[in-house]
Amino acid sequence: PGPREQETGRRGFAPVSPDSGDRVTVPEGFTHELLIGWGDAVLPGAPPFDFDRQSEAAQARQFGVNNDYCALVPLRAAGQWLMVSNHEYATEPLMFPDWNPEVPAEAHVRTTWMAYGLSVVLVEQRGDGGLRARVDGRWNRRITLLSPFEVRGPAAGSPLLRTSVDPAGTRVLGTMANCSGGITPWGTVLSGEENVHMPFAHADKVADPLVREGLRRYGFAEGPSLRGWEAHDTRFDLGREPHEAHRFGWIVELDPLEPDSVPVKHTALGRFKHEGANVSTAPDGRVVAYMGDDERFEYIYKFVSDGRVRPGDDPAARRHNKRLLDSGTLYVARFDGDDAAEEIDGSGRLPADGAFDGTGRWIPLAHNDRSFVPGMSAAEVYIFTRIAADRVGATPMDRPEDVQPHPVTRRVYASLTNNDQRGAPGLPAPDEANPRSGNRDGHVLELCERKDDPTAERFHWRLLLVCGDPESPGTYYAGIDKARVSAISSPDNLAFDEHGNLWIATDAGGRGGRNDGLYMVPLDGPERGQVQRFLTVPTGAECCGPVIGPDFVLVSVQHPGELPGASPQQPASHWPDGGSAQPRASIIVVRRKDGGPILGGDG
Ligand code: FEO
Ligand code: CA
Ligand code: CA
Ligand code: CA
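What you see is a predicted model, and the numbers here were worked out from it, not measured in a lab. (Residues numbered from 1 in each chain as written. Chains lettered and ligands numbered in written order. Predicted model: local features only at pLDDT ≥ 70, side-chain atom pairs only at ≥ 80, totals over all residues.)

Counting its regular elements, the chain contains eight helices and 32 strands. Relative to the globule expectation of 25 Å for 603 residues, the C-alpha radius of gyration of the chain, 23 Å, shows essentially globular dimensions. Expressed along its principal axes, the backbone C-alpha trace of the chain runs to roughly 65 × 55 × 50 Å. Looking at the chain residue by residue over its 603 residues, the buried ones come to 55%. Of all intrachain contacts in the chain linking residues separated by at least 6 positions in sequence, the fraction that spans at least 24 positions is 61%. (Helix = DSSP H or I, 4+ residues; strand = E, 2+ residues; numbered from the N terminus. Rg over C-alpha atoms; globule rule 2.2 N^0.38 Å. Buried ≥ 20, exposed ≤ 12 C-beta atoms within 10 Å, placed from the backbone. Contact = placed C-beta atoms within 7 Å.)

Below is the structure:
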């Protein structure tokens, strides 16, 4: 047994050191291998990946780019899962050796559309305990920017969602900017459409003042887009198709267990830059989806269903449960600190009562066709949710990423990744829930609903972590002796293991020469707050989509080599293929060399 095992009687791991190499590091006694990466075959007939000869037809059958969230949905057979991955975005200058930023070639743009979206891949456990991705004609799917989606919920069919190709406002081609997500209790996958403004052009050419105000609030470009898609499909030119913008920015639901099903865009969960959505089931059976809007000074939301979850996975129960997100109440969060405002000086120094904590309220925005926001119709609340939240006194947060309920305690954990503009002139000052000016390293908030009921309208909250160099006085690791923790910055994706520990993947952008990584932190007992670095990802990569199984960990390694000045001629990373290869975002599997459980047991 190692020192930690002697100390705790549990099997743990020795935290890895910070790393700046073009490699993955894992703790001693662990090993990692590639599961699947950009360009690998998903559908039968996919050609082998060829960076120098990409095509729309090839990419439509291959794993997409820059995978972020990853879900494993179990199949009935033991050791088989359907893995759903989000392909968040492309960086075309790194994707194509001959990308022309002035006039993007149609072939490049159309290949990019196929590289976006979602992949469904059959994954199975090998005899030696490792995992293998299968090319499979029955289960595997690629959802792209041209795949049809059904629009559901209270804003479906709104005039604000109608376009020239969809006069009913109920059917959208494609999903994009899919960042994080969650698995529902009924085995579907939710995925958040996040930075959907990026491919759209010419918001300045929109005449309708309401639509213009919305486009401004959501950051749509007034001139040409960075991606040039509008040259190849007029739906991305807002001057011609202003409502197309409203058809993205939703939570989408995909049912991997029904390969022929049409995925859904859920208007009842509001429209913003959705990081993801994670579902908790209330004692009375209603389901609650927690959600973050990832931009500086944006909000945390939740949706409470009207209907109750029906147990079982028979077709009738699944049909019922797949309608739960169509009807319910959308709320936004307000956080009130319990110390005087002048106690919060922006340095991260703890206030008088020794904790960043307080109470809060969920403020209702709309229930189906009823709006609770003066001057806005329900459809407007759902489509311009940010504007509705502005009007009701919600608390602007430091970039909400994953907002995730603990599967056992139902406490909710929110990653506030960072906000370099907190406290800047003219912008919101630090408050007890976002206590640092120029918040470079982010924090993690813990929220306890009243009576631990996810449907409650009141809650308590406290900060679990105020991230950054443990030696800095402006950091807080749940009050534990900071000599015992690994430094963490910019928390992003969250996951839980079977022992109830929180796992945090980071997106600090390689600041200080430290690669991003995955961290484990116990939430209860004397080790609460003891952050331990489990792995680090290669140069220029973000650590995403952790899945913590009993005897394996999956990690999405997103955008390796994405550094200023990098190009296909001078790649900043050759991971994972090595040699002179171009970098490829991929999923890795980490296991113990002896095949044992990642944590726990009696060692
Ligand atoms: Fe795509 Fe909020 O990270
Ligand atoms: Ca306090
Ligand atoms: Ca994220
Ligand atoms: Ca992030």
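In this section: unusual backbone geometry. The linkage connecting Trp-575 with the following residue, Pro-576, adopts the cis geometry, with an omega of 5 degrees. When you line up the elements, Pro-576 lands in the loop between β31 (553–558) and β32 (586–592). Its identity is not glycine, yet Asn-66 carries a phi of approximately 40 degrees, on the positive side. Classification of Asn-66 as buried rests on a count of 27 C-beta atoms within 10 Å. You will see that Ser-490, though not glycine, has its phi angle at about 60 degrees, which is positive. Take Ser-490: it is sitting in the loop between β25 (476–477) and β26 (491–496).

Right, let's talk about the nonpolar core for a bit. Core analysis: the largest hydrophobic core is formed by 160 residues, its most contacted members being Leu-269, Ala-289, Leu-365 and Leu-465. With six residues, strand β24 (residues 458–466) is the largest single contributor of residues to this core. Setting aside its immediate chain neighbours within four residues, Leu-365 contacts Leu-330, Tyr-331, Val-332, Phe-372, Val-373, Val-381, Thr-385, Ala-388, Ala-389 and Val-392. (Core = buried A, V, L, I, M, F, W, Y, C linked by C-beta atoms within 7 Å.)

Our focus in this paragraph is the domain arrangement of the chain. Note: interface size is frequently given as the accessible area lost on complex formation between the parts. Per the domain assignment, the segments of the chain are domain 1 (1–34 + 472–603), domain 2 (38–146) and domain 3 (197–247). With six residues of domain 2 in contact, the opposing surface of domain 3 contributes five residues. Per-element accounting of the side of domain 2 that touches domain 3 gives the leading share, three residues, to helix α4 (residues 106–115). Grouping the amino acids of the side of domain 2 that touches domain 3 by side-chain chemistry returns three nonpolar, no polar and three charged. (Domains from an automatic or database assignment. Nonpolar A, V, L, I, M, F, W, Y, C, P; charged D, E, K, R; others polar.)

This next bit is on the sheet that holds strand β9 (residues 178–183). The mixed open sheet is built from six strands, whose spatial order is β8-β7-β12-β11-β10-β9. Looking at the sheet topology across the chains shown, the edges are occupied by β8 (171–173) and β9. Strand-to-strand twist across the sheet, computed as the mean angle between neighbouring axes with direction ignored, equals 30 degrees. Sheet analysis places strand β7 (residues 148–152) next to strand β12 (residues 264–266), joined by three bridges and oriented parallel. Its bridge partner lying in β12, Val-151 is registered against Lys-265. (Pairing = 2+ DSSP bridges. Axes fitted to C-alpha atoms, helices over the stretch in contact; angles between N-to-C directions.)

Let us look at helix α5 (residues 209–217). Owing to its 3.6 residues per turn, the α-helix brings residues three or four apart onto one side. Among all positions of α5, only Val-211, Gly-214 and Leu-215 are buried. An end-on view of α5 places all buried positions within 100 degrees of arc, on one side of the element. Summarising the contacts, the buried residues of α5 are in contact with α8 (385–391). One or two residues past the end of α5 sits Gly-219, with phi positive at roughly 75 degrees. (Arc of directions from axis to C-beta.)

The next thing to look at is the sheet that holds β26. Spatial ordering of the open sheet is given by β26-β27-β28-β29, a layout of four strands whose pairing is antiparallel. The sheet terminates laterally at β26 and β29 (532–536), the two strands that pair on one side only. When strand polarity is set aside, the average angle formed by the axes of neighbouring strands in this sheet is 25 degrees.

For Pro-576, a count of 21 C-beta atoms within 10 Å translates into the label buried. On a C-alpha basis, the gap between Pro-576 and Gly-512 in space is 23 Å, while along the polypeptide they are 64 residues apart. In contact with Pro-576, not counting residues within four places along its chain, are Leu-34, Gly-37, Arg-584 and Ser-586.

For the rest of this paragraph, the subject is the environment of Val-84. One can find Val-84 in strand β3 (residues 80–87). The exposure class assigned to Val-84 is buried, which follows from the 26 C-beta atoms found within 10 Å. With 99 residues separating them along the chain, Val-84 and Ile-183 place their C-alpha atoms 9.7 Å apart. Not counting residues up to four positions away in its chain, the partners in contact with Val-84 are Ala-71, Val-73, Leu-118, Val-120, Val-189, Leu-254 and Pro-256.

Caution applies to low-pLDDT regions: their predicted coordinates should not be interpreted in detail. With 98% of its residues at a pLDDT of 70 or more, the chain shows a mean pLDDT of 96. In this model residues 1–9 is a low-confidence stretch, pLDDT under 50, and it forms eleven contacts with partners more than four residues away in sequence or in other chains. (pLDDT = per-residue confidence, 0-100.)

A few words on the pairing of strand β23 (residues 443–449). Counting buried positions along β23 yields six of seven residues, so the element is predominantly enclosed. Where β23 meets β24, seven bridges bridge the pair, whose relative direction is antiparallel. Each residue of the ladder has a partner; that of Val-444, found in β24, is Leu-465.

Of all ten residues that make up α4, eight are buried, and the element is covered over most of its length. All buried positions along α4 are accounted for by His-108, Val-109, Arg-110, Thr-111, Thr-112, Trp-113, Met-114 and Ala-115. Along its buried surface, α4 packs onto α2 (56–59), β3 and α3 (92–95). Downstream of α4 by a residue or two, Gly-117 has a phi angle that is positive, lying close to 100 degrees.

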